[in-house]
There are 2 protein chains.
Amino acid sequence: MERITISALYADAEQLGGQKVTAAGWVRSVRDMKNFGFVTLNDGSCFKDLQVVMNRENLSNYEEVASCGVGAALIIEGVLELTPDRPQPIELQAQTIVIEGPSSPDYPMQKKRQSLEYLRTQQHLRPRTNMFRAVFRIRSVAAFAIHQFFQDRGFVYVNTPIITASDAEGAGEMFRVTTLDLNNVPRTEKGDVDYSKDFFGQSSHLTVSGQLQAENFAMAFGDVYTFGPTFRAENSNTRRHAAEFWMIEPEMAFCDLAQDMDVAEEMLRYVIAYVLEHCPDELEMLNKFVDKGLLERLNHVANSQFSRVSYTEAIEILQEAVKAGQKFEYPVEWGIDLQTEHERYLTEQHFGKPIFVTDYPAAIKAFYMRLNDDGKTVAAADCLVPGIGEIIGGSQREDRLELLEKRIVELGMNPDDYKYYLDLRRYGSCTHSGFGLGFERLVMYLTGVDNIRDVIPHPRTVGNADF
Amino acid sequence: MERITISALYADAEQLGGQKVTAAGWVRSVRDMKNFGFVTLNDGSCFKDLQVVMNRENLSNYEEVASCGVGAALIIEGVLELTPDRPQPIELQAQTIVIEGPSSPDYPMQKKRQSLEYLRTQQHLRPRTNMFRAVFRIRSVAAFAIHQFFQDRGFVYVNTPIITASDAEGAGEMFRVTTLDLNNVPRTEKGDVDYSKDFFGQSSHLTVSGQLQAENFAMAFGDVYTFGPTFRAENSNTRRHAAEFWMIEPEMAFCDLAQDMDVAEEMLRYVIAYVLEHCPDELEMLNKFVDKGLLERLNHVANSQFSRVSYTEAIEILQEAVKAGQKFEYPVEWGIDLQTEHERYLTEQHFGKPIFVTDYPAAIKAFYMRLNDDGKTVAAADCLVPGIGEIIGGSQREDRLELLEKRIVELGMNPDDYKYYLDLRRYGSCTHSGFGLGFERLVMYLTGVDNIRDVIPHPRTVGNADF
C-alpha cells in the first residue's frame, strides 16, 4: 500500500487535486446523512483532519463504515478534491474504504471533552486527543529545535551517564539503582549493606545532573551540551515537579556569566521562534482552549530582550513592593532563597517578561559556582519566566583550584570524591560557564499547559510509574 | 573577550587573513626554537589544530609560554596569516599570550600514545586525545543526523519513560530503582518486601526498551521515534555490551515489515552519508590509526543496497558453508538463535555487506511480533553489519487482539499486565512496525572502534560506575 499522509495531501494539494490517492488514519467522527456520509480522519501526520466523503450508492460497505465508531482505523482510496469554497480546502471522495481495525462503543476517547485528570488514567490513548496531539508535537519540535540550535553553533552533544556513583549537587534526593536482592541484602562484617556485591561494585544512583561530566567534555571540545533524563526522588506532589524529567545542560569553555546568559536567551528565543514557525495549528488550538494569552506571550518573548537584575537589586525591588502593599507568604530579606511567589512577582508583575537574576548569595547556591570578588555572592544566573518561574539555572564555574578545594571542604564534602572534577582545574583550567534548562518546564511555557504531568508522555511522580 | 573558534578561522580564513583575532584553547605541543617558537593549539571546535608562532623579541612572557606544558589553556591575540605554501594553510602570529590555566608535568595526557585501557581510567581527560575527539564528535553528529532524518520525515520524537513498572521484552535482566532503605527493608505481613512503601508504590525498574510506549504514540501520530537510554543488568563483560546504552526506536503505523526495513536501511545510509560529509577529518584520522578499511566500508555501504534473506534461507547458507568446511562453535540447525559467529559469517563472508535476516522462528523471538501465515515464524527483521553483527532488531507487531492475547498466555505472562498494550488492538488497531537501533553499536560501526567502552563518554559496565 502506497499511502499518502494527510500532511502531504494538504502540502501538495495543488498537484494531487483530481488524482487517486490512498490515505490511512483513525476516525474522529462519522456523520451518516442517509445517502452520503462524512468521515473525519486523522493520521497524526499533522494537526489537521481530512474530510472524507462517502456515497451509499458506490460504497458496498457504507453501513459498516458509518457505524465503525470513533477511533477505528481506516484505509481509504479515493479522489482528492480541491474545495476552496468550503471550510476545509480539500476533501477525499472515497471509492473504497477498508476497516483496518474497528473501534468499540466503550472506546474511552469519545468525542466529548474529558477532564485532564481522567485522561491521565488513559495515557496510552490521550495522545489521540486534540490537546495532547498539540502538546506532544510541540514537545518533539522543541526538542529538535534545541539540537538544531546547538549543532548549528558547533556544540558537541554528550550523553552523560544516567547511572552514577557521584552526586552533582552535593545534595538532592536520589533514586538508588541496584541488582541486590532486597529479600536478602548482603552485609559486610560490620553489618552494613555490602555494596561491593552490587552490580557496579559500589552504591549507585540515578543522575540528578550531567553537569560535572559535561565539564569534562567542555574542557576538550569547548562547547558541549547534554540532553537527557535526570531524576529527583523528592516526595513533592506539585504541578511543576516530576521524578523523571529531561534536562538540557550546555557547558562552554572560555565563556563567562554574561556570555552564558547570552546563549541561554538566544536559545530560548530560537526555540520559541522555531515552534511558532513549525506548529501554527497546534499553537492556535492551545491558544484557543488552554491558554488565551499564549500566542501573544510567545510572540512577545521571541522578539524582546530579557531583563537582567542582580539578586541584591531583586531583593530591593521585592522589599519596595512589600512597602507598597504587596503580600508575600515568605518574608523578604537579603540571604533568602527566592520562593516561587517572589520569582513570579519579579517576572510577571515587575518586569512583565523573562528576566535573569544574577549573583546570588554563595550560601544558597551549589559548591561549583564561581565566587565573586565581594566574597559573598557567586556568579550564578537563574532565568525566570512568567507563568512558570525558574526555567533555567546557570553559573560561571569556579575555575580556581584552591578556591574550589576550599569550598568543598567548607561544605563538609570529601575532596577525594571530586578528584576528577578538580583535575580539570589542575590541567588547563579556564573560565567556563553553563546552564541547565528543564525541558518539561520549557514545554509547559510553550504550550500554556500548567501541569507537568500533561507534557510528559508517561509521567513519573510519587506513587505513579504506570504505563 | 571576543574569541574566534579555530573552526571559524579555517572556514573564514580568506576574510580574516591579515586581521587581528583572538583564539583560545589548549596546548597540544610547544616547540622552543630559541628566538621563536611554535604552539600547537586546539580548542575542540574542529579536529584541526592551530599553529601559533611566537617571537621571543616581542612577547614579554615568551619563557613562561614556552614552558607552560601540554594541556595548558591559553588566550592568544595575534594576526592571522595565510600560509598556503606551508603544511597548514593558516598560522597565528602571536602578539600577546595569556596563560589562562597552566598545566603540570604530571598531566596524564602527554603527547605519547597511551593504551586504550589506560585511557579508560582517565575518562575525564581522554576526550582531549585525537582518537576520542574524533569518536565523540562523530557520536554527536550521528545523533543529530538521526534526529534530522526522522524530523524531516514528520516523525514525532517521544521521550518514553526511563523508570517503568513493566518489562517490554518479558525477559531481560533489569536494574531495580528504589528509595527503600536497604538497611531496613519494609515487609508485608507475609514477610515479602513491601513495595507499596517504595517511591512509586510498586516494584520499579530501569527500562530495557521504549517500544511498547512508543506504540501508544504511533497509534496517535502515525510515525514516531524514541532516542534515549536503556539498560540491561546482564553480568556480561564483552566488548559489545554495556549496562547503559542509547537506543533509537522508531514505530510506524500502517507500515509492514518490508516498509520497516526500507526505513531502517534508508536511515543507516543517511547517517553514514551525513557523517562522511560532516566529519571528514575525524574519519580520516580513524581510517589511518584505528581501522584502515573504515572509509572504504562506509562509502561502500552508503551507496549499496542491503541484502534481504529469510532466516530459513540463512540457515541453509550456513549449512552449505559447514559442508564446504566452515567451522562454527555452535551447531547450525533450523530453530537456533543465530550466534555472533553465524551473523558475522553471513554479513562478512557470504554477502560482504549489511543484510536483513527476516522471519525468524516464533520460539526465539519476542511475544509482540506478528505471527506469519506459516504459523511458526514471525515477521521479524534483524539487520547485521560487517564487523559488528546485529545492529538493528525490528518487527511487524502483532496487531490482532486474539492472537496477541493467546501468545501472552502461552508464554505464561499475565494479560492484565498488558491491558494498555492490548487496548491498542481493541481500538483502531492497524498494521504497524518498528525497530530498535543500538546507538553505540552504530557509533562503533561509524568509527571502527571495537570496544563499546570507547564510544561512550563514561561507560557503565559490571563493576564500573566511575566518573
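These numbers come from a predicted model, not from an experiment. (Residues numbered from 1 in each chain as written. Chains lettered and ligands numbered in written order. Predicted model: local features only at pLDDT ≥ 70, side-chain atom pairs only at ≥ 80, totals over all residues. Heavy atoms only, no water.)

Asker: Please set out the overall build of chain A residue by residue, giving values where relevant.
Answerer: Counting its secondary structure elements, chain A contains 14 helices and 16 strands. Principal-axis analysis of the C-alpha atoms gives chain A an extent of 85 × 60 × 45 Å. Within chain A, buried positions represent 61% of all 467 residues. Intrachain contacts of chain A at a sequence separation of at least 6 include 67% that bridge at least 24 residues. For chain A, the accessible surface area stands at approximately 18,100 Å², while carbon and sulfur atoms represent 47% of it. Between the mean site of the 47 positive side-chain charges and the mean site of the 68 negative ones, chain A shows a separation of 4 Å. (Helix = DSSP H or I, 4+ residues; strand = E, 2+ residues; numbered from the N terminus. Buried < 20%, exposed > 50% of the residue type's maximum accessible area, 1.4 Å probe, protein only. Contact = heavy atoms within 4.5 Å. Areas by Shrake-Rupley, 256 points an atom, 1.4 Å probe, with all protein chains shown as cover. Lys, Arg positive; Asp, Glu negative; His and termini not counted. Charge placed at Lys NZ, Arg CZ, Asp CG, Glu CD.)

Asker: Mind laying out the environment of Pro415 of chain A, listing which residues take part and the relevant values?
Answerer: All names here are of chain A. Tracing the sequence through the fold places Pro415 in the loop between helix H12 (401–410) and helix H13 (419–426). With 10 residues separating them in the primary sequence, Pro415 and Glu405 have C-alpha atoms 6.7 Å apart. Each residue touching Pro415, except ones within four places of it in the same chain, is listed here: Ile408, Val409 and Leu422.

Asker: Before we move on, could you go through the environment of Leu125 of chain B and cite the residues and values that matter?
Answerer: Locating Leu125 of chain B in the fold gives a position in the loop between helix H4 (116–120) and helix H5 (130–152). As for Leu125 of chain B and Glu398 of chain B, which are separated by 273 residues in sequence, their C-alpha atoms are 48 Å apart. Residues within four places of Leu125 of chain B in sequence aside, it is in contact with Leu424 and Tyr427 of chain A together with Pro108 and Met109 of chain B.

Asker: Account for the packing of helix H7 (residues 257–278) of chain A against helix H14 (residues 439–447) of chain A, naming residues and giving values.
Answerer: Residue and element names in this part refer to chain A. As a packed pair, H7 and H14 sit with axes 11 Å apart at the nearest point and diverge in direction by 50°. Judged by the inter-axis angle, H7 sits oblique to H14. Seen from above, H7 lies across H14 with right-handed handedness. Across from Leu268, Val271, Ile272 and Val275 in H7, the residues of H14 making contact are Leu442, Tyr445 and Leu446. Across the contact of H7 with H14, the residue classes tally to 7 nonpolar, no polar and no charged. (Axes fitted to C-alpha atoms, helices over the stretch in contact; angles between N-to-C directions. Parallel < 35°, antiparallel > 145°, perpendicular 65-115°, else oblique. Left-handed = near helix turned anticlockwise from the far one by under 90°. Nonpolar A, V, L, I, M, F, W, Y, C, P; charged D, E, K, R; others polar.)

Asker: Which residues make up the relation of the copies chain B and chain A, and what are the values?
Answerer: Superposing chain B onto chain A takes a rotation of 180° plus a shift of 0.0 Å along the axis, which leaves an RMSD of 0.0 Å. Each copy turns onto its partner about a two-fold axis. If distances are taken from each C-alpha of chain B to the rotation axis, the shortest is found for Val177 of chain B, at 2.5 Å. Most of the interface of chain B is mirrored in chain A, where 100% of its interface residues are also at the interface. (Least-squares fit on C-alpha atoms with pLDDT ≥ 70 in both.)

Asker: Quick rundown of helix H5 (residues 130–152) of chain A? Include the residues and the values.
Answerer: Residue and element names in this part refer to chain A. The first and last C-alpha atoms of H5 sit 32 Å apart over 23 residues, in line with the 33 Å expected at 1.5 Å per residue. When you tally the buried positions in H5, you get 21 out of 23 residues, the bulk of the element. Positive backbone phi, at 80°, marks Gly154, one or two positions downstream of H5. (Expected span 1.5 Å × (residues − 1).)

Asker: Got a sec to walk through the domain arrangement of chain A? Specific residues and values, please.
Answerer: Residue and element names in this part refer to chain A. Looking at chain A, the domain boundaries give domain 1 (6–101) and domain 2 (128–160 + 215–454). Listed by partner, the interface residues are 9 residues for domain 1 and 8 residues for domain 2. In total, about 710 Å² of surface goes out of reach between domain 1 and domain 2, with carbon and sulfur atoms giving 41% of it. Considering only the side of domain 1, the residues that lose the most area to domain 2 are Arg28, Phe47 and Lys48, jointly responsible for 73% of the buried surface there. In this assembly, domain 1 and domain 2 are joined by 1 salt bridge. In this structure, Asp281 and Lys48 form a salt bridge, with 3.0 Å as the shortest nitrogen-oxygen distance. There are 8 residue pairs in polar contact (both at pLDDT 80 or more) connecting domain 1 and domain 2. Classifying every residue of the side of domain 1 that touches domain 2 by side-chain character gives 2 nonpolar, 4 polar and 3 charged. (Domains from an automatic or database assignment. Buried area = accessible area lost by both parts, 1.4 Å probe. Salt bridge = Lys/Arg side-chain N within 4 Å of Asp/Glu carboxyl O. Polar contact = N/O pair within 3.5 Å; in protein donor to acceptor, adjacent residues only side chain to side chain.)

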